[in-house]
Amino acid sequence: MDWGTLKEVLGGVNKHSTSIGKIWLTVLFIFRIMILVVAAERVWGDEQQDFVCNTLQPGCKNVCYDHFFPISHIRLWALQLIFVSTPALLVAMHVAYTRHEKKRRFRNGEKIDIEELKNAKFHIRGPLWWTYTSSIFFRLVFEAVFTYVFYYMYNGYQMPRLVKCNAWPCPNTVDCFVSRPTEKTTFTIFMLAVSGICMMLNLAELCYLVIKICVKGSRKTT
Amino acid sequence: MSWGFLRDLLSGVNKYSTGIGRIWVALVFLFRLLLYIAAAENIWKDEHDEFECNVKQPGCENVCFDHFFPVSHIRLWALQLIMVSTPSLLVVFHVAYRENREKHHNQQLYKSPGRIDGGLLCTYLISLLLKAALEVVFLVLFYHLYNGFKVPPLVKCDLRPCPNAVDCYISKPTEKMIFLYFLVATSCLCIVLNLSELSYLICKHSIKCYLKRHIKKHQ
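Residues numbered from 1 in each chain as written. Chains lettered and ligands numbered in written order. Predicted model: local features only at pLDDT ≥ 70, side-chain atom pairs only at ≥ 80, totals over all residues. Heavy atoms only, no water.

Stated formally: UniProt positions are given in the numbering used here, feature names are shortened, and annotations may be inferred rather than shown by experiment.
As named in an unreviewed UniProt entry, chain B is Gap junction protein, taken from Bucco capensis. Taken verbatim from the UniProt record of chain B, the Function (unreviewed entry) comment is "One gap junction consists of a cluster of closely packed pairs of transmembrane channels, the connexons, through which materials of low MW diffuse from one cell to a neighboring cell." A UniProt comment under Subunit (unreviewed entry) is attached to chain B, and it reads "A connexon is composed of a hexamer of connexins."

Per an unreviewed UniProt entry, chain A goes by Gap junction protein and derives from Bucco capensis. If you open the UniProt record of chain A and go to Function (unreviewed entry), you find "One gap junction consists of a cluster of closely packed pairs of transmembrane channels, the connexons, through which materials of low MW diffuse from one cell to a neighboring cell." The UniProt entry for chain A carries the following comment under Subunit (unreviewed entry): "A connexon is composed of a hexamer of connexins."

**Thoughts on the UniProt feature "domain: Connexin cysteine-rich" (unreviewed entry) in chain B**
The condition that has to hold: Here a helix means four or more residues in a row that DSSP labels H or I, a strand means two or more in a row labelled E, and each is numbered from the N terminus.
In this numbering, the UniProt entry assigns the feature "domain: Connexin cysteine-rich" (unreviewed entry) to residues 134–201 of chain B. Secondary structure within residues 134–201 of chain B divides into 60% helix and 12% strand; the distance between the first and last C-alpha atoms comes to 20 Å.

**Some words on the pairing of strand 2 (residues 154–157) of chain B**
Residues and elements named next belong to chain B. What counts, and what does not: Burial status follows relative accessibility: with a 1.4 Å probe on protein chains alone, a residue under 20% of its type maximum counts as buried, one over 50% as exposed, and anything between as partly exposed. Two strands form a pair only when DSSP identifies at least two bridges running between them.
Going residue by residue along strand 2, you find Val155 and Cys157 tucked away on one face and Leu154 and Lys156 left uncovered on the opposite face. Pairing geometry for strand 2 and strand 3 (residues 166–169), over four bridges, is antiparallel. By the bridge assignment, Lys156 is partnered in strand 3 with Asp167.

**Focus: the interface of chain A and chain B**
The line we're drawing: Contacts: residue pairs with any heavy atoms within 4.5 Å of one another. Put simply, buried area is the surface a 1.4 Å probe can reach on two separate parts but cannot reach once they are joined, added for both. When a carboxyl oxygen of Asp or Glu lies within 4 Å of a side-chain nitrogen of Lys or Arg, that pair is called a salt bridge. Within 3.5 Å is the distance limit for a polar contact, defined as a pair of N or O atoms, with the added protein rule that one can donate a hydrogen and the other accept it, and that residues adjacent in sequence qualify only through two side-chain atoms.
Every contact between the two is made by 28 residues of chain A and, on the other side, 33 residues of chain B. The junction of chain A with chain B conceals about 2800 Å² of combined surface from both sides, 67% of it contributed by carbon and sulfur atoms. Seen at the junction of chain A and chain B, the total is one salt bridge. As a salt-bridge pair, B:Glu175 and A:Arg75 come within 2.7 Å of each other at their nearest N and O atoms. Linking chain A with chain B are seven residue pairs in polar contact (both at pLDDT 80 or more), by the criterion used here.

**Some points on the side chain of B:Thr18**
Residue and element names in this part refer to chain B. Tracing the backbone shows Thr18 in the loop between helix 1 (3–14) and helix 2 (19–43). Side chain to side chain, Thr18 and Glu197 meet in a polar contact 2.5 Å long. Among residues more than four places away in sequence, those in contact with Thr18 are Ile116, Tyr124, Glu197, Tyr200 and Leu201.

Listed below in structure tokens is the structure:
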């Protein structure tokens, strides 16, 4: 079990998304989850083992590593992906609830085509519009928060080659060398860029939905 | 056989759950199971190799590690996930029993075997109570074994064969602490969901019973 389950859950939401939403899902799966699992995890795989400090003092390396990397990039990305995917669940739950209500009405005698109910694509209007729009809003907020947390925690997006550490028990100031800094910087910038693209897609989808509802509203009044 | 089995089990339970139950399943999948597999397992992967003591005495590191981590956080976490998901099996078994009974007698004995009423309601309520109780038990166990949910960067060890008191350094203490807090938060959220579902079901069925009796009196 791994990210595959998330894929199944989100795949279900795909049916009821707008076109921009479908593009967002594709970008999420291919350029974020897949890259994380196939490439980024290998790059960060040996991060502590290959973090070397210019001292023989036992414990110094552990303490310096913990000081400069309170939470690893790879874990932050995993958290970001989980949080960003969660609002889509709201939409899935709303759709499931609507389907359940229709089934209940059918059982109580109302005439509803059962085949149509099974394969129904729920159009984004009414209460579903509000759920869908809130889910996009929350996605945007989570993306922005995580991007900021990255920036704040690591003083930018560049991975330094050398960090100077003087935490106890290191004697005086000690040079510590990060493993694969260039490769890590490359992947950090890549993930940042894709996160930016996802934010733009979410923003575009939000604007599209708002404009659509305004246009509909003005058509009704005229 | 791996976590996929647990995933399938929980998906099966989803069918017979209330709305709150489905939220609980989603929470367990995304914020506990997926997080465990995608992130937490890697943090604790090399905990023993990276546990370093400021001494060359052979055996000292092993003894100190064993003393401070009798059962690793990550193993307790895995046990918690498994135990907390298991009470849902009671519901699955009961529904299977109902379906079997209907087949055996060759007639419809229940409105729907998966409908939460009568005996199945009791089973469901018991499973909710068990889930909440197990969550609390594991949280208390975590708290007592590790004196809270903090992971110190340094522990002082003076067990044989370590000569005198020796400084031992734990790897990635901050990251471990963050994820432990995450574990505690999601456990508490799950307990709240289980108790809300319990109250919801009890209220719903009490109101139903009361209305039935009220209607009978009037008739």
